[in-house]
Amino acid sequence: MKAWWQHLNTREQRMVAVMAFACIVFILYNAIWQPLNNSLVEAQEKLDRNQEMLTWVEENTALYQEAKRHSNKAQLSGSLSSVASKSAKAYKLTITRMQPQGDDLQVWIDNTPFTQLLFWLEHLANNEGLQVHAIDLTQGDNAGEVKVRRLHLAK
């Protein structure tokens, strides 16, 4: 290699040195600077997304707490089973079985439209002050229908 270098004239040696320097700069840029810069940009984007998420959570936490206070103020008008029966009739749901368990209630419903079930559960939570502790659903006989294998309602 040394013999090859000495065999080159001065002008060629300068050109090779300049090209070697350019290659080293190119390699350093692609191997170190660009990955660092890309990771900094990605970290900043992630930080921005997380800050947006934090803002959204803070805004919606207040709404959630207000809704929770409102739902806790709802008073049960009658026994748990009578409220469930009356409201289910209003939403055109047919309860096939109901089983009280202390202060809670287990409910079974066959083939009901899923959206009607959701509206009913929302009514129970927002207007009657009931909470769904557990629900087991299976697909109904028709499209858009579900079977409620077990719905655990509590005050």
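This report concerns the structure included in the present document.

Parameters and conventions
Residues numbered from 1 in each chain as written. Predicted model: local features only at pLDDT ≥ 70, side-chain atom pairs only at ≥ 80, totals over all residues. Heavy atoms only, no water. Core = buried A, V, L, I, M, F, W, Y, C linked by side-chain atoms within 4.5 Å. Buried < 20%, exposed > 50% of the residue type's maximum accessible area, 1.4 Å probe, protein only. Helix = DSSP H or I, 4+ residues; strand = E, 2+ residues; numbered from the N terminus. Contact = heavy atoms within 4.5 Å. Pairing = 2+ DSSP bridges. Salt bridge = Lys/Arg side-chain N within 4 Å of Asp/Glu carboxyl O.

### Section: the nonpolar core
Burial of nonpolar side chains together is a common tendency in soluble globular proteins.
Then comes step 1: With 17 residues, the main nonpolar core has Val107, Ile109, Leu117, Trp120, Leu121, Leu124 and Leu151 as its most contacted residues.
Then comes step 2: Mapped by element, the contributors of at least two residues to this core are α3 (80-90), β2 (104-113), α4 (114-127) and β4 (145-154).
Then comes step 3: Excluding its chain neighbours within four sequence positions, the residues that come into contact with tryptophan 120 are Ala84, Ser87, Ala88, Tyr91, Leu93, Ile95, Val107, Ile109 and Leu151.

### Some points on the pairing of strand β3 (residues 131-139)
Then comes step 1: In this sheet, β4 lies alongside β3 in antiparallel orientation, the contact comprising eight bridges. Looking at the pairing, threonine 138 lines up with lysine 147 of β4.
Then comes step 2: Counted between consecutive antiparallel strands, the loop separating β3 from β4 contains five residues, among which glycine 144 sits at a positive phi close to 85°.

### Brief notes about the pattern of salt bridges
Then comes step 1: The full count for this structure, using the stated rule, is two salt bridges.
Then comes step 2: The partner of arginine 150 in a salt bridge is aspartate 136, with the nearest N and O atoms 3.3 Å apart. With a gap of 14 residues between them, arginine 150 in strand β4 and aspartate 136 in strand β3 connect regions that are remote in the sequence.
Then comes step 3: Under the relative-accessibility criterion, aspartate 136 is labelled partly exposed at 37%.

Read these as geometric descriptors, not functional statements.
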